[in-house]
Amino acid sequence: MKSIDLVIPSFNEEGNIKSLFERIVNLNIKNYKLRLLFVDDGSKDDTLFEIKKLVKKKNGLKVSYISFSRNFGHQVALKAGIDHSKADAVISMDADLQHPPELIPKLIKKWEDGAEIVYTIRKDDENVSWFKRNTASLFYHLLNYLSGLQISHGAADFRLLDKKVIQALKLYNEKNLFIRGLVTAIGFKKESIEYTPELRVWGVSKYSIKKMILFALDGITSFSVKPLHFATYFGLLLSFFSGGYGIYAIIIFFTSDSVVTGWASVLTSVLFIGGVQLIILGILGEYLGKLFIQSKGRPNYLISEKDI
Ligand code: UDP
Ligand code: MG
């Protein structure tokens, strides 16, 4: 019998673990050895305790877990699940039931029909806030433009990956993971399914604005160096204009007899160029920082406990 691991990153989800388990049990999947692999991402509440309660329960569904020594972030938790899976397929999903478990049989069906990656596309509705919908759409436009990838706008981290894809992803040991981008970039036979996200069953979103911005920056800087080109183009454009301005200043110095000593224009241009330089330094810094972190070769995550 083929096996499927459900990888579920969980960060402070004590109120969702049991309901998620029950919803999956209710699916009554018989043709596969199904296992729930929770990745406890340094939760501060009783998430791990709730998971351990399920491990003890013996009712056909095997439950395993990996528990991080601290919070490493959703993408890293997903990667840990992938790294530890030996199953024939992995399905990754959120712990908060926003990814409806009832879709799992459909994902499996497409896999049986030959797809190696079955990804889901979020059909946005009122369950997702206006802010999230619009910032996400803007982000994907920008990212696709910069990286040349074609990441679907509503792509979620709810997907099935065949063993072959898992083997491929295990080779990627980069920091600042952006798994959606990787999955799009590595090829393989893909199929997609649309779904309507449900409301979070319990608790609040763990993606703060800060985490979302960092996630977006990771997405862009790990798939594209175009921002560095922008810096160069912008610099060139500015030097062109300032050269022109210099010539203009010399001409009016010789041709006009009432040259106003224009401190305002000097100040504006100095401030403007200063600002642009800071932006360019910032862009350089983003990449340099990534290089620095990567060059240290530190592990992506640390496990404090596991039962695999
Ligand atoms: N999550 C995680 N580590 C984090 C943040 C989130 O493992 O640092 C998990 C979280 O428990 C959930 C999934 O990632 O299972 C998606 O997070 P969330 O539902 O908070 O994000 P949203 O659906 O609001 O985008
Ligand atoms: Mg959620």
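Residues numbered from 1 in each chain as written. Chains lettered and ligands numbered in written order. Predicted model: local features only at pLDDT ≥ 70, side-chain atom pairs only at ≥ 80, totals over all residues. Heavy atoms only, no water.

Colleague: Residue-level account of the side chain of His99, with values.
Modeller: On the secondary structure map, His99 appears in the loop between β4 (89–92) and α4 (104–112). A distance of 3.0 Å separates the side chain of His99 from the backbone nitrogen of Asp94, its partner in a polar contact. (Helix = DSSP H or I, 4+ residues; strand = E, 2+ residues; numbered from the N terminus. Polar contact = N/O pair within 3.5 Å; in protein donor to acceptor, adjacent residues only side chain to side chain.)

Colleague: Quick one: what's the story with the coordination of the magnesium ion (ligand 2), residue by residue and with numbers?
Modeller: The coordination sphere of the magnesium ion (ligand 2), as far as protein atoms go, consists of Asp96 (OD) and Gln98 (OE1), spread over 1.9 Å. Given the relative accessible area of 4%, Asp96 is considered buried. Residue class for Gln98 comes out partly exposed when judged on its relative accessible area of 22%. (Donors = N, O, S within 2.8 Å, 3.2 Å for Na, K, Ca; no water. Buried < 20%, exposed > 50% of the residue type's maximum accessible area, 1.4 Å probe, protein only.)

Colleague: How would you summarise helix α5 (residues 130–147) if you had to cite specific residues and measurements?
Modeller: Spanning 18 residues, α5 covers 26 Å between terminal C-alpha atoms, matching the ideal 26 Å at 1.5 Å per step. By the burial criterion, the buried members of α5 are Ala136, Phe139, Tyr140, Leu143, Asn144, Leu146 and Ser147. The buried residues of α5 all sit within an arc of 155° when viewed along its axis, so they share a single face. Residues of α5 that are exposed and angled more than 90 degrees away from the buried face: Trp130, Leu138 and Tyr145. For α5, the secondary structure elements touched by its buried residues are β5 (117–122), β6 (155–162), α7 (179–185), α8 (209–223) and α9 (226–255). Two residues or fewer past α5, Gly148 is found with a positive phi of approximately 75°. (Expected span 1.5 Å × (residues − 1). Arc of directions from axis to C-beta. Contact = heavy atoms within 4.5 Å.)

Colleague: Which residues make up the environment of Ser222, and what are the values?
Modeller: Here Ser222 lies in helix α8. Along the sequence, Ser222 and Leu61 sit 161 residues apart, while their C-alpha atoms lie 37 Å from each other. Apart from the residues within four sequence positions on either side, Ser222 is in contact with Glu174, Asn176 and Phe178. Within the structure, Ser222 has its side chain in polar contact with the backbone oxygen of Asp218 (distance 2.4 Å).

Colleague: Break down helix α1 (residues 17–26) for me, with residues and values.
Modeller: Turning to α1, its buried residues are Ile17, Leu20, Phe21 and Ile24. Angularly, the buried residues of α1 cover 100° about the axis, an arc narrow enough to put them on a single face. Where the residues of α1 are buried, they touch β1 (3–10), β2 (33–40), α2 (47–56) and β3 (62–68). Count one or two residues on from α1 and you reach Asn28, which has phi positive near 60°.

Colleague: I'd like to hear about the UniProt feature "transmembrane region" (unreviewed entry) in the protein chain, residue by residue, with values.
Modeller: Feature annotation in UniProt assigns "transmembrane region" (unreviewed entry) to the following positions: residues 230–254 and 266–288. This span, residues 230–254, is 100% helix and 0% strand, and a straight line between its end C-alpha atoms measures 37 Å. Across residues 266–288, helical content stands at 100% and strand content at 0%; the span's end C-alpha atoms are separated by 32 Å. (UniProt positions renumbered as here; feature names shortened; annotations may be inferred.)

Colleague: Give a description of the site of ligand 1 that names residues and reports values.
Modeller: The environment of ligand 1 is formed by 18 residues, the closest being Glu13, Asp41, Asp96, Ser205 and Lys206. Within the contact set of ligand 1, an oxygen atom lies 2.9 Å away from a backbone nitrogen or oxygen of Phe11. At 3.0 Å, a side-chain N or O of Arg200 approaches an oxygen atom of ligand 1. Burial of ligand 1 by the protein amounts to 92% of the accessible area it has alone, namely 520 Å². When the residues that make up the shell around ligand 1 are grouped by side-chain class, the tally is four nonpolar, six polar and eight charged. (Near = heavy atom within 4 Å. Areas by Shrake-Rupley, 256 points an atom, 1.4 Å probe, with all protein chains shown as cover. Nonpolar A, V, L, I, M, F, W, Y, C, P; charged D, E, K, R; others polar.)

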